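Residue-level listing of the chains:
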Amino acid sequence: MEVTKVLHMNGGMGDASYAKNSLLQQKVILMTKSITDEAISSLYNNLSSRETICIADLGVAGSFYTRLFPSNSLHFVHSSYSLHWLSQVPDGIKNNKGNIYLTSTSPASVHKAYYEQFERDFVTFLKYRSEELMKNGRMVLTMLGRKNEDRFSQGCSYEWELLATTLKLLIAQESIDAEKVDSFNVPAYNPSPSEVMHIVEKERSFTIDILKTSEIQRNSCDDEKYDMAKSFRSVAEPLLVSHFGHDELNMDQVFHKYNQVIANDRKAMEKIMFVNVTISLTKIN
Ligand SMILES: C[S@@+](CC[C@H](N)C(=O)[O-])C[C@H]1O[C@@H](n2cnc3c(N)ncnc32)[C@H](O)[C@@H]1O
């Protein structure tokens, strides 16, 4: 799977589109707005009045694990809910049997492989952004993460566990090939604040101004049009299509089953807690 080619949310304005199902992500941007405001105000106060501020919000065209802009061309970089996506599924996780992501039953070697992939990717991201940002340029990044070092805290990964349950049910009714499910793994990692801090300090291009976590429960989006399965579908469908193919797996059938799995797990909504790790950085040189 070439992750950067398939990692887009569901496009358009249809029922299953990201545009119509990203209320939670919108709320997160509002929750972290004071950190973004502080970074932009402090940047602005140090500029000459005729300078144009160049800003990039990353997660649209081109992989942010490559060089995207000319050297020293940006004042401010923002990215929300994108950097927990890895550049690839980590190598060496074939023994993650029965799982499609990190869970409490994943072997320690699988946890290590996921963390090391995140570290490599985040260092790459920091290195390229440090080349593109001007001296004292600022960056505010929010990722889906963990509250602390407890690797087994359920958080948002519970959504993937529900999808794993769904796929197992589809195997049982012979709607999907078991081997194909076995080779499906989600290319994402939810870092803790100290993992993020450790990597920034090790890479050495930025100082940390603010590092904060916030939480939002899946069921806090009480808009009556909000539908958890649809919201999850807008994110997960492109990954599933790329791995299984449209012909092999009927997406309406998958998410119909996913809805049933949620309905049978009364506590599902409460168990899904999104932890946001937000970091505000200044480029050193
Ligand atoms: C959940 S969406 C977030 C979109 C928006 N920032 C928001 O808060 O609603 C995640 C975005 O990350 C992008 N993304 C994931 N990996 C990427 C990569 N390596 N390079 C650039 N964008 C990437 C996806 O294309 C997708 O648009």
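Residues numbered from 1 in each chain as written. Predicted model: local features only at pLDDT ≥ 70, side-chain atom pairs only at ≥ 80, totals over all residues. Heavy atoms only, no water.

**A few points about the environment of Ala-164**
And step 1. Relative to the helices and strands, Ala-164 is located in helix α5 (residues 157–172).
And step 2. As for Ala-164 and Val-181, which are separated by 17 residues in sequence, their C-alpha atoms are 8.6 Å apart. (Helix = DSSP H or I, 4+ residues; strand = E, 2+ residues; numbered from the N terminus.)

**Some thoughts on unusual backbone geometry**
And step 1. Even without being a glycine, Asn-136 presents a positive backbone phi close to 65 degrees.
And step 2. Along the chain, Asn-136 falls in strand β3 (residues 133–145).
And step 3. Accessibility expressed as a relative area gives 47% for Asn-136, which makes it partly exposed.
And step 4. Residues other than glycine seldom take positive phi values, yet Glu-174 does so here, at roughly 60 degrees.
And step 5. Here Glu-174 shows up in the loop between α5 and α6 (178–182).
And step 6. What makes Glu-174 exposed here is its relative accessible area of 72%. (Buried < 20%, exposed > 50% of the residue type's maximum accessible area, 1.4 Å probe, protein only.)

**What to know about helix α7 (residues 193–203)**
And step 1. What α7 keeps buried is the set Pro-193, Glu-195, Val-196, Ile-199, Val-200 and Glu-203. The arc that holds the buried residues of α7, viewed along the axis, is 165 degrees, so those residues lie on one side. The exposed set on the far side of α7, more than 90 degrees from its buried face, consists of Glu-201 and Lys-202.
And step 2. Buried positions along α7 lie against α4 (108–132), β3, β4 (206–217) and β5 (273–283).
And step 3. At the C-terminal side of α7, Arg-204 shows a positive phi close to 75 degrees. (Arc of directions from axis to C-beta. Contact = heavy atoms within 4.5 Å.)

**Some words on the pattern of salt bridges**
And step 1. Under the counting rule described, the total for this entry stands at 15 salt bridges.
And step 2. Close ionic contact of Glu-116 with Lys-112 constitutes a salt bridge, the shortest N to O distance being 3.1 Å. Linking Glu-116 with Lys-112, this pair stays in helix α4, spanning 4 residues, or about one helical turn.
And step 3. On the accessibility criterion, Glu-116 (31% relative accessible area) is partly exposed.
And step 4. Through salt bridges that share partners, Arg-67, Lys-127, Arg-129, Glu-131 and Glu-132 make up one connected network. (Salt bridge = Lys/Arg side-chain N within 4 Å of Asp/Glu carboxyl O.)

**What about the pairing of β3?**
And step 1. The buried fraction of β3 is high, at 10 of 13 residues.
And step 2. Both strand β2 (residues 74–80) and β3 contribute to a ladder of 6 bridges, which runs parallel. In the sheet register, Phe-76 faces β3, and the bridge partner there is Arg-138.
And step 3. Crossover β2 to β3 through α4 is right-handed.
And step 4. Here β3 runs beside β5; their pairing, made up of 8 bridges, is antiparallel. Bridge pairing links Val-140 to Ser-280 in β5. (Pairing = 2+ DSSP bridges. Right-handed = clockwise from strand over helix to strand, strands pointing away.)

**Brief notes about the side chain of His-75**
And step 1. Structurally, His-75 can be placed in strand β2.
And step 2. Residue classification places His-75 among the buried residues on the basis of a relative accessible area of 4%.
And step 3. Here Glu-51 takes part through its side chain, which lies 3.1 Å from a polar atom of the side chain of His-75.
And step 4. If we skip the residues at most four places from it in the chain, His-75 touches Leu-43, Leu-47, Glu-51, Thr-52, Ile-53, Cys-54, Leu-133, Met-134, Gly-137 and Arg-138. (Polar contact = N/O pair within 3.5 Å; in protein donor to acceptor, adjacent residues only side chain to side chain.)

**A closer look at the sheet that holds strand β1 (residues 55–57)**
And step 1. In spatial order, the strands read β1-β2-β3-β5-β4; together these 5 strands make up an open sheet with mixed pairing. Both outer strands of the open sheet, β1 and β4, are each paired with one neighbouring strand and no more. Averaged over all adjacent pairs, the angle separating strand axes in this sheet is 10 degrees, with direction ignored.
And step 2. With 3 bridges joining them, β1 and β2 adopt parallel strand pairing. Paired with Asp-57 across the bridge in β2 is His-78.
And step 3. Contacting β2, β3, β4 and β5, α4 runs over the sheet at an angle of about 150 degrees to β3.
And step 4. The sheet strands contacting α7 are β3, β4 and β5, and the helix crosses β4 at an angle near 160 degrees. (Axes fitted to C-alpha atoms, helices over the stretch in contact; angles between N-to-C directions.)

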